[in-house]
Amino acid sequence: GAGVSQSPRYKVAKRGQDVALRCDPISGHVSLFWYQQALGQGPEFLTYFQNEAQLDKSGLPSDRFFAERPEGSVSTLKIQRTQQEDSAVYLCASSFRGSGSSYNEQFFGPGTRLTVL
Amino acid sequence: LAKTTQPISMDSYEGQEVNITCSHNNIATNDYITWYQQFPSQGPRFIIQGYKTKVTNEVASLFIPADRKSSTLSLPRVSLSDTAVYYCLVGTGATNKLIFGTGTLLAVQP
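Definitions and cut-offs
Residues numbered from 1 in each chain as written. Chains lettered and ligands numbered in written order. Predicted model: local features only at pLDDT ≥ 70, side-chain atom pairs only at ≥ 80, totals over all residues. Heavy atoms only, no water. Pairing = 2+ DSSP bridges. Helix = DSSP H or I, 4+ residues; strand = E, 2+ residues; numbered from the N terminus. Axes fitted to C-alpha atoms, helices over the stretch in contact; angles between N-to-C directions. Contact = heavy atoms within 4.5 Å. Buried area = accessible area lost by both parts, 1.4 Å probe. Salt bridge = Lys/Arg side-chain N within 4 Å of Asp/Glu carboxyl O. Polar contact = N/O pair within 3.5 Å; in protein donor to acceptor, adjacent residues only side chain to side chain. Buried < 20%, exposed > 50% of the residue type's maximum accessible area, 1.4 Å probe, protein only.

1. Let's talk about the sheet that holds strand E7 (residues 65–68) of chain A
Residue and element names in this part refer to chain A.
Item 1. Spatially, four strands are ordered E1-E3-E8-E7 in an open sheet, and the strand pairing comes out antiparallel. The two strands at the open ends of the sheet, each matched to only one other strand, are strand E1 (5–7) and E7. Taken over all neighbouring pairs, the strand axes of this sheet differ in orientation by 15° on average, direction set aside.
Item 2. The sheet contact formed by strand E3 (residues 19–24) and strand E8 (residues 75–79) spans five bridges and is antiparallel. Bridge pairing in E8 places Cys 23 opposite Ser 75.

Below you can see the structure in the form of structure tokens.
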């Protein structure tokens with residue numbers, strides 16, 4: 001069975017450009033998460049969707065970051081007017097259950113490495 | 001969410017048992033303890049989760065003492081392919097977000 005896929009795997013952007021990162025979760029998974037991982041650090045939470053509803057966006061670093069999941073499956077993370085500090089690996093994860101489950105294993109994709117020049 | 005503390009790095013040799021201990025002094029009653037593994041250029045992968053005492057699966061064992069203020073991930077007979085970063089996380093499914101620390105880089109040598 002297919003796992004979580006992300007595209008593109010690598011993205012180079014010039015400062016000021018807009019980028020869009022795609023996540024295809026495991027089919028049937030209710031929850032979808034985005035994380036940002038800087039070099040040498042653990043992943044940091046950005047935002048969470050339960051189906052198409054964005055229930056938590058407390059980790060988005062600025063209003064330049066926007067995420068959507070309009071049909072409750074594929075999700076897109078958009079970064080407007082990219083800055084050098086946005087350079088990182090962006091990880092997407094999905095899980096079968098929604099919020100409130102004590103067992104909530106998350107399945108991660110390989111990530112998109114974004115480099116802003 | 002409870003903060004976790006674990007060693008930055010550990011070294012081992014092939015065939016040895018490796019134990020990585022994590023401290024979580026402020027763990028809450030409803031919190032579970034979960035370990036993830038991450039290889040370079042890959043996303044983290046769930047290894048094991050437990051609440052108390054001992055949990056074992058085909059990959060690892062997790063030992064949790066009665067006070068739950070620490071936990072130990074045990075990897076039996078490691079191989080070179082076990083070289084990775086191991087993260088200890090504490091929280092509940094209700095919080096949804098996973099809070100990662102910097103993890104423990106395990107280096108297995110031949």
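2. Thoughts on the interface of chain B and chain A
Item 1. Contacts between chain B and chain A engage 18 residues on the former and 23 residues on the latter.
Item 2. Buried area between chain B and chain A, summed over both chains or domains, comes out near 1,600 Å², and the portion from carbon and sulfur atoms is 52%.
Item 3. Run the count over chain B and chain A and you get zero salt bridges.
Item 4. Across the chain B-chain A interface, the total number found is five residue pairs in polar contact (both at pLDDT 80 or more).

3. Observations regarding the pattern of salt bridges
Residue and element names in this part refer to chain A.
Item 1. For the structure shown, the criterion picks out three salt bridges over all chains.
Item 2. With its nearest N and O atoms 2.7 Å apart, the salt bridge here joins Arg 22 to Asp 24.
Item 3. Here Arg 22 falls in the partly exposed class, since its relative accessible area comes to 37%.
Item 4. The partner of Glu 68 in a salt bridge is Lys 78, and the shortest N-O contact between them spans 3.4 Å. One end of the pair, Glu 68, is in strand E7; the other, Lys 78, is in strand E8, with 10 residues separating them in the sequence.

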